[in-house]
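Below, each chain spelled out in residue letters.
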Amino acid sequence: MEKFTKLTAIVAPMDRANVDTDAIIPKQFLKSIQRTGFGVNLFDEWRYEDVGEPGKDNSVRPLRKDFVLNQPRYQGAKILLARDNFGCGSSREHAPWALKDYGFDVIIAPSFADIFFNNSFKNGILPIVLDADLVSSLFNEVFANPGYQLTVDLASHQMIKPSGETLDFEVDAFRRHCLLNGLDDIGLTLQHQSDIETFEATHKAKNPWLFATE
Amino acid sequence: MSAKTLYDKLWDSHVVRQEDDGTALIYIDRQLLHEVTSPQAFEGLRLANRKPWRIDANLATPDHNVPTTAYHSVEDIVDPISRIQVKTLDANAKEFGITEFGIGDIRQGIVHVVGPEEGITLPGTTLVCGDSHTATHGALGALAHGVGTSEVEHVLATQCLIQKKMKNMLVKVNGQLQPGVGPKDVVLAIIGKIGTAGGNGHAIEFGGQVFQDMSIEGRMTVCNMAIEAGARVGLVAVDQKTIDYVEGRPFAPKGNQWQAAVEAWQDLKSDEDAHFDKVVELEGSAIEPQVSWGTSPEMVVSVNDCVPDPAQEADAVKADGIRRALSYMGLKAGMLISDIPVDYIFIGSCTNSRIEDLRQAAEVLKGQKVASSVEQALIVPGSGLVKQQAEAEGLDKIFVEAGFEWRNPGCSMCLAMNADRLPSGKHCASTSNRNFEGRQGAGGRTHLVSPQMAAAAAVAGHFIDVRQLISTNQ
């Protein structure tokens, strides 16, 4: 997995609650058997005037000018500022794949849907949960200041505003460790192979019906 | 020892190891695989030169992309990208030796219908699938939840998941339901009350008289939509109904093992004084048939209510959400739900495509006709076996005579990955689980309802309290 340590980037505001994974990446793009290439279809229905399909040349599709990510001031954004319950709905990991592929490394919201939150960490995206009032004030600052940037430092779990003011945030220690070091979960788990084998033997003795009899 | 909830018990019996910070390695008994969220996981295994930890813990079946019109083989899937995805599942199952109920197998169907139907879902187990509606299986007292593709790969490779324990939430529905009100209305009413983030971070146990009285298939409908209340896990305690449901299913334990299993499952309920971090109670008799009006499952009201007015909402973000939803849905604040015309009817999905759902729809549709204003009415059974059973009972004839199309099993218009799509601007009375923008087709307008309410809307051409229709019938 790609590491995440520190980043300074433009913040794009997604000012609506309950942004679901169907909106983040519509179902027709889930037919791909790859992990990459979803960024051009991120927020497809909100971003383009026409209906997107896999294989369509996205560079010639008409854009919805009022959609936040189509506005010139937010080009190059790597931090997404969002509202409550971001990433609700389907478990599709295509959602964080699309966000990452588009360029987002950090998502800040008052709350996230559980599965999306978990999937993000596994793809080098840092989801930051921040108090709703702080998020609202960040929205105001972003709207008021074109080119607004934040610095996000995972090692010190701090965000630094353009004014120099800092905001602390909390991240689960294990997730933080994995992100900072770009660690692969499977590799970590397999270090405990003998624990799994021991558990499995006991579990099988108690619940033999859960194991095939060859 | 302190009292435990059902979730605590399921969790405790699957902890392989636990770190000081609470991060745990949890053993997974079963994994269901489908074509959409597994290809990248299998590719990951191949790239790392890893093998599945336990082949017998996995079962695969294609569901999201399969056609529901007549077809005979994977080659009949018209969309080449869908075809490749289904073929990729076939190839991966074959390469890794995983059992697959492929196209043409009578057992093929929606993963969450197939698992319980085959006895693969068992009480006391942990079960995952790369699909958020995996919560369904909690109806049988299994700890079941959706995972992303990275975790599908993780479970394939290690038979474990890295997890932190969730909090416990109890949703209690007391008393009895009114006739004409079913499990779907109950779960929509719960979501309407607690909101789509109400269960975030929690495992929800559904308790109270209503769930004790409810059938296992009804409990599946309720647990299925726990995720729409924000909870990855929905659970119902094991009782005699659970045992009776599981007994004799193809993958259920047999003989001496059956006796031992039944004994082991006796304690799969929350202890009387177990602690829940959050408790919500509803009165069953107060629940009316529900219809969602907006673009989030929490935007739901009784069929006899009106579409809400954003001007009455104090919270600015919520008011804005209502405005956007009304605009997308083409509805006016204050209009009666029963004045919303329906253009499409979809009865199916992992929420409502089991035999009891079809029986309930048939009961309403018997001797009735779909209104002429309805452009298309689909009934999509959840599996080949559900289809077979419905046909044995003659339900297919009732549907076809009423003007419905009787289709082959799959996810179909719940998420429209196959050819079944809701056109832009059209209103659909749908028994599925999500009314998000574009969910059933770009620009489509979904209204979530029970199978009976969908059938009633089909007949009336607009939403109608099914209890009125039933009383007219009699």
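Computed from a prediction, not measured in an experiment: that's the story for all the values here.

### Looking at the overall build of chain B
Moving on, step 1. Scanning chain B from N- to C-terminus turns up 16 helices and 19 strands.
Moving on, step 2. Taken against the 2.2 N^0.38 rule, which gives 23 Å for 474 residues, the C-alpha radius of gyration of chain B at 22 Å falls within 12% of a compact globule.
Moving on, step 3. Each principal axis of the C-alpha distribution contributes one length, and for chain B these read about 55 × 55 × 45 Å.
Moving on, step 4. Across the 474 residues of chain B, 60% fall into the buried class.
Moving on, step 5. Counting only contacts in chain B whose residues sit at least 6 apart along the sequence, the fraction spanning at least 24 positions is 77%.

### Overview of the overall build of chain A
Moving on, step 1. When its secondary structure is counted, chain A shows eight helices and seven strands.
Moving on, step 2. The principal-axis extent of the C-alpha atoms belonging to chain A is close to 65 × 45 × 25 Å.
Moving on, step 3. Going through the 214 residues of chain A one by one, you find that 43% of them count as buried.
Moving on, step 4. Of all intrachain contacts in chain A linking residues separated by at least 6 positions in sequence, the fraction that spans at least 24 positions is 67%.

### Observations concerning the pairing of strand β9 (residues 167-174) of chain B
Residue and element names in this part refer to chain B.
Moving on, step 1. Judged from the six bridges that link them, β9 and strand β10 (residues 202-207) form a sheet pairing that is parallel. Note that in β10 the partner of Asn-168 across the bridge is Ala-203.
Moving on, step 2. Once you follow β9 into helix α6 (residues 183-194) and on to β10, the crossover reads as right-handed.
Moving on, step 3. Pairing of β9 with strand β12 (residues 278-283), which is carried by six bridges, proceeds in the parallel orientation. When the sheet's bridge partners are listed, Met-169 is paired in β12 with Lys-278.

### Focus: the pairing of strand β4 (residues 126-129) of chain A
Residue and element names in this part refer to chain A.
Moving on, step 1. Pairing analysis gives four bridges linking strand β3 (residues 106-109) to β4, with the strands arranged parallel. If you follow Val-106 over to β4, its bridge partner there is Leu-126.
Moving on, step 2. For the handedness criterion, the β-α-β arrangement of β3, helix α4 (residues 114-121) and β4 is classed as right-handed.

### Comments concerning the interface of chain B and chain A
Moving on, step 1. With 58 residues of chain B in contact, the opposing surface of chain A contributes 49 residues.
Moving on, step 2. When contributions to the side of chain B that touches chain A are tallied by element, the ones reaching two or more residues are β1 (15-18), β2 (24-27), α2 (39-47), α3 (80-96), α5 (149-158), β8 (160-163), α10 (255-265) and α11 (316-329) of chain B.
Moving on, step 3. The element best represented in the side of chain B that touches chain A is α5 of chain B, accounting for six residues.
Moving on, step 4. Within the side of chain B that touches chain A, the residues separate by chemical class into 21 nonpolar, 25 polar and twelve charged.

### Topic: the sheet that holds β1 of chain B
Strand pairing in a sheet takes place through backbone hydrogen bonds and is either antiparallel or parallel in direction.
Moving on, step 1. Overall, antiparallel pairing links the three strands, which are arranged β1-β2-β8 (chain B) in an open sheet. Of all the strands in the sheet, just β1 and β8 of chain B have a single pairing partner and so form its edges. The sheet shows a mean angle of 20° between the axes of neighbouring strands, direction not considered.
Moving on, step 2. Sheet strands touched by helix α8 (residues 193-206) of chain A: β1, β2 and β8 of chain B. Its angle to β1 of chain B, the strand with the most contacts, is close to 145°.

### Topic: the environment of Ser-292 of chain B
Residue and element names in this part refer to chain B.
Moving on, step 1. By the element assignment, Ser-292 lies in strand β13 (residues 290-292).
Moving on, step 2. Through-space distance from the C-alpha of Ser-292 to that of Ala-189 is 9.9 Å; in sequence the pair is 103 residues apart.
Moving on, step 3. Beyond its immediate stretch of four places on either side in the chain, Ser-292 contacts Leu-188, Pro-297, Met-299, Val-300, Asn-435, His-447 and Leu-448.

### Structural notes on the confidence of the model for chain B
Do not read the fine detail of predicted coordinates wherever pLDDT is low.
Moving on, step 1. Overall, the predicted model of chain B reaches an average pLDDT of 97, with 99% of residues at or above 70.
Moving on, step 2. Predicted complex, confidence summary: ipTM 0.95, pTM 0.97.

### Focus on the sheet that holds β3 of chain A
Residues and elements named next belong to chain A.
Moving on, step 1. Taken in spatial order, the seven strands of this open sheet run β4-β3-β2-β1-β5-β6-β7, and their pairing is mixed. Every interior strand has two partners, whereas the edge strands, β4 and β7 (166-168), have only one. Adjacent strand axes in the sheet meet at a mean angle of 30°, parallel and antiparallel pairs treated alike.
Moving on, step 2. Pairing of strand β1 (residues 6-14) with strand β2 (residues 79-82) involves four bridges; the strand directions are parallel. Counted as the bridge partner of Pro-13 is Leu-81 from β2.

### Topic: the packing of helix α12 (residues 355-365) of chain B against helix α15 (residues 451-460) of chain B
Residues and elements named next belong to chain B.
Moving on, step 1. Interhelical geometry of α12 versus α15 gives an angle of 30° and a closest axis separation of 8 Å. It follows from the interaxial angle that α12 and α15 lie roughly parallel. By crossing handedness, the relation of α12 to α15 is classed as right-handed. For the pair α12 and α15, contact is made by Asp-357, Gln-360, Ala-361, Val-364 and Leu-365 and by Pro-451, Gln-452, Ala-454, Ala-455 and Ala-456, respectively.
Moving on, step 2. Broken down by class, the residue content of the contact of α12 with α15 amounts to seven nonpolar, two polar and one charged.

Criteria and cut-off values
Residues numbered from 1 in each chain as written. Chains lettered and ligands numbered in written order. Predicted model: local features only at pLDDT ≥ 70, side-chain atom pairs only at ≥ 80, totals over all residues. Helix = DSSP H or I, 4+ residues; strand = E, 2+ residues; numbered from the N terminus. Rg over C-alpha atoms; globule rule 2.2 N^0.38 Å. Buried ≥ 20, exposed ≤ 12 C-beta atoms within 10 Å, placed from the backbone. Contact = placed C-beta atoms within 7 Å. Pairing = 2+ DSSP bridges. Right-handed = clockwise from strand over helix to strand, strands pointing away. Nonpolar A, V, L, I, M, F, W, Y, C, P; charged D, E, K, R; others polar. Axes fitted to C-alpha atoms, helices over the stretch in contact; angles between N-to-C directions. pLDDT = per-residue confidence, 0-100. Parallel < 35°, antiparallel > 145°, perpendicular 65-115°, else oblique. Left-handed = near helix turned anticlockwise from the far one by under 90°.

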